[in-house]
Amino acid sequence: MIRIEYQTQRLSLRFFLLMLVLFFFQAGFGLLLTAQHIDPTLLAGTLNFNVARAEHTNLGILWVLSGFIGAILFVGPLLSKRELAAPGLIKFLFYALLAVVAWNVATQWLAQQGNAGWWLGQPMLQEGLEYLEGGRITDVVIFVGFAILCYVLLRTFPRVSNWNEIHWGLGIGVVALTLVWVFGMFFVERLDLQEYFRWYVVHYWVEGVWEVIHISLVGFLLVLMFGASIKSVGYAVFWGIAFVWLSGLLGNAHHYFWIGTPEFWQFWGSLFSALEPLPLIFCFWHIYLDAHQDRKPIGNVPAFAFLLGSVVLEQVGAGILGFTMTFALTNVWSHGTWVTLSHAHLALFGTFGMLGLAAAYYAVPLMRGVVQQFDQRLGKLAFWLVFTGMLGLGFAFAIGGTVQVFVYRTLGLDWFGGDVAPAMQFAKLMVPAFGLVFMIGVCLLVYDLLTLGLRAKATIDGPAAAPAPTGWGRRLYGWETGLWLLAMWVFGAIITLGLLSFNLHSVQGGHRLFPYLMAGIGYPGLLLTTLLFVGRFLRSLEARCHAAAAQAVLPAGLQAASG
Amino acid sequence: MSAQRIVRLGLAIVASAVSLALSSPYWRDFGYWPESRRLWTLYFVLGFLLAVYVFDAFLGRLRTLFEHDALERATREDEP
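Only a predicted model underlies this, so the values are computations on that prediction, with no experimental measurement involved.

So, how was this worked out
Here, residues in each chain are numbered from 1, in the same order as that chain's written sequence. Both sets of labels track the order of writing: A upward for chains, 1 upward for ligands. Per-residue local features of the predicted model are confined to residues with pLDDT of at least 70, and side-chain atom pairs are confined, for both listing and counting, to 80 or more; whole-chain, interface and lining totals are unaffected and use all residues. In computing side-chain properties, one takes all heavy atoms of the structure into account and sets aside hydrogens as well as water. Put simply, two rings from Phe, Tyr or Trp (the six-membered ring, in Trp's case) pair if the centres are within 6.5 Å, and we call them stacked under 30 degrees between planes, edge-to-face over 60, tilted for the rest. Helix and strand labels come from DSSP, where a helix needs a run of H or I of at least four residues and a strand needs a run of E of at least two; each type is numbered from the N terminus. For the exposure calls, accessible area comes from a 1.4 Å probe over protein chains only, and a residue counts as buried if that area is under 20% of its type's maximum, exposed if over 50%, partly exposed in between. The contact definition used throughout considers only heavy atoms, calling two residues in contact when any of these lie within 4.5 Å. Buried area: the accessible surface (1.4 Å probe) lost by two parts on joining, summed over both. Basic side-chain nitrogens of Lys or Arg form a salt bridge, by our definition, when they fall within 4 Å of a carboxyl oxygen of Asp or Glu. The classification used treats Ala, Val, Leu, Ile, Met, Phe, Trp, Tyr, Cys and Pro as nonpolar, Asp, Glu, Lys and Arg as charged, and all other residues, Gly among them, as polar. Expected span, for any helix, means 1.5 Å times one less than how many residues it has. Bend, at a single residue, is the angle you get between axes fitted to the 7 residues ending at that residue and the 7 residues starting at it. What qualifies as a polar contact is a pair of N or O atoms within 3.5 Å, subject to a donor-acceptor requirement within protein and to the restriction that residues adjacent in sequence count only when both atoms come from side chains.

Chemist: Could you give an account of the packing of aromatic side chains, with specific residues and numbers?
Modeler: One pass over the structure, following the stated rule, counts 63 aromatic pairs over all chains. Pairing Trp338(A) with Phe397(A) gives two aromatic rings, centres 5.2 Å apart and planes at 80°, and the pair type is edge-to-face. Of this pair, Trp338(A) sits in helix α12 (residues 338-367) while Phe397(A) is found in helix α13 (residues 377-410), placing the two residues 59 residues apart along the sequence. Phe397(A) carries the same exposure label as Trp338(A), and that label is buried. Note on Tyr43(B) and Phe44(B): the rings are 6.0 Å apart at their centroids and 65° apart in plane angle, and the pair reads as edge-to-face. Relative accessible area serves as the criterion here: at 21%, Phe44(B) is assigned to the partly exposed category.

Chemist: A description of the environment of Val21(A) should follow, citing residues and the corresponding values.
Modeler: Tracing the chain through its elements places Val21(A) in helix α1 (residues 12-38). By relative accessible area, Val21(A) is classed as partly exposed at 35%.

Chemist: Explain the interface of chain A and chain B residue by residue, including any values.
Modeler: Opposite the 41 residues of chain A that make contact, chain B presents 37 residues. Together, the buried faces of chain A and chain B total about 3,600 Å²; carbon and sulfur atoms form 73% of this surface. Applying the counting rule to chain A against chain B returns 0 salt bridges. Mapped by element, the contributors of at least two residues to the side of chain A that touches chain B are α7 (230-251), α8 (265-273), α9 (277-291) and α11 (328-334) of chain A. No other element matches the 7 residues that α8(A) contributes to the side of chain A that touches chain B. Across the side of chain A that touches chain B, the residue classes tally to 29 nonpolar, 9 polar and 3 charged.

Chemist: So what's going on with helix α10 (residues 301-324) of chain A? Which residues, and what values?
Modeler: Residues and elements named next belong to chain A. The end-to-end C-alpha separation of α10 is 32 Å, in line with the 34 Å expected for 24 residues at 1.5 Å each. Residue Leu313 marks the point of greatest curvature in α10, where the axis turns by about 30°. Most of α10 sits out of view: 24 of its 24 residues are buried. Among the residues of α10, the N-terminal cap falls to Asn300, whose side-chain oxygen and the backbone nitrogen of Ala303 are separated by 3.1 Å.

Chemist: Tell me about the pattern of salt bridges, and name the residues and values.
Modeler: All names here are of chain A. For the structure on display, the rule yields 15 salt bridges over all chains. The salt bridge partner of Arg198 is Glu130, with a shortest N-O separation of 3.5 Å. You can see Arg198 sitting in helix α6 (residues 191-226) and its partner Glu130 sitting in the loop between β2 (122-123) and α4 (136-156), a full 68 residues away along the chain. Given a relative accessible area of 3%, Arg198 falls into the buried group. Under the relative-accessibility criterion, Glu130 is labelled partly exposed at 26%. Between Asp192 and Arg190 there is a salt bridge, and its shortest N-O distance comes to 2.8 Å. Among the ionic contacts, a cluster of salt bridges with common partners joins Arg53, Glu130, Glu195 and Arg198.

Chemist: Give me unusual backbone geometry: which residues, what numbers.
Modeler: Residues and elements named next belong to chain A. In this structure, Lys81 is a non-glycine residue whose phi angle is positive, near 60°. Relative to the helices and strands, Lys81 resides in the loop between α2 (49-80) and α3 (87-113). On the basis of relative accessibility, which here comes to 65%, the residue Lys81 falls in the exposed class. For Tyr131, which is not glycine, the phi dihedral falls at a positive 80°. Mapped onto the secondary structure, Tyr131 falls in the loop between β2 and α4.

What follows is the structure, encoded as structure tokens:
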């Protein structure tokens, strides 16, 4: 695809641009939080830590949703072979989303004043539920927005009898997105029950619904980028979704361990969430196979880099780091500590955020009509900065979290008495350092995508500038990919052992060597392996341009001889 | 039963057994159904069997994914 086929696809542009703006502010709030961690008095009373944190998490969800909507609107007409239904409603949806963002950002500050805006027994302005802080008015507008998205997509799609697996995945995904949201729309006075429904929305969304949309969009983007066959991608999408539900519907019970739900969830919650990485491994192989189906040069490297980053960080952040802390025996220590933050940042930004950015990098050049003369250097640099920055953040949180578990949970030292903070000081300094790298990447990619096709044309590297297909750029075979994956899981097993060791009497008695050693080997090993693997994967794909250029200058006779 | 099927099932059982071992609950008093040890056993066995099924299905479908890839590659290479 080298040009826009349906004019209503252009409606996705505004959602992508909104995504970028929100992403910028979300990352900015993140940087502010790192500073407040180091100096807790910073902006105290003006913009308290809890308010800045709520803005950070809420904007995180809103920009991911904006990216999802943009991606769905962009691929919808291609999947349906016709224009989007009800473009007027889509424009309304955009303004509704803007209103929700403005309302959400503005009302979080009211938490500082203790004002929830109670009316008719409901917290209308803000409700202080982590991740779902927007008040009931926002909830209703979001529900209407999701309903519009469902209507537009299902009206655009062909008759159900003509649906393939990607239609089913996206169709079920957007309907479930709307239905699961309902569980966050009522107030329950009993705190444990309210918490249960909050988890219901947050985690069934992420592990049961967003994953489905993610798998479907990854599949279709692979079709667009590599010309992969819909039939084989459909097979991968179907089974990916099936495994998400076979493992995740019961596995989600790992969120029920400590919130007052019955104890029996500890066993099935642990067992089935241990299976949750399976669909992610499936998706990992699916992207490897489709990217290597033909050996043609890759046209849009930033788009594929973000797509690969999405699938690999899903594997590492959601799959491996999720696995390490999903068992009751490890989760009892890691729950609510920085260890969880490491998982959450890599999984949420990696899996869903990077998918939105991949879709934007694919769609924006097409919509701006610059696909043929698209300067990809800024996009590639931005990818490496945000990818490395996020892996570094994951590392800093994981190391800080390990210290936190030992000092806070096993030794039982005071959080508020100031015992824990000094112990975590080194990690607290690493977070802004990597956060800064990440922020520079965010600024670059926002600038690049906002101005793509509008700024002066730069000189574009020809195929000869691509890396040679030797050494790091040689072809990536399946066995080598398998070894990289195995290495990641070996480091994941080491991390798991480290977390399990907090159950040992010796560790609880004050011997920290074993958990610290396991974390010191496991986390850097896993994150460095991830970084190197993605570098290797992308290098081998970029080297195809070099190979294609070399092939083009070979005399015809030599080409025939080289076969 | 083919050798491949036996290997796949064997792997699924081993993987499920490891998952089962790691999934030992943090509480140790089996307090939710104190009156019925049989119910607890059923709960563990059912969980294990479901896990074996999911692992087995995963390994089988992954194999098919690679087979599809090989078939498509062969088709592309046959094309003029």
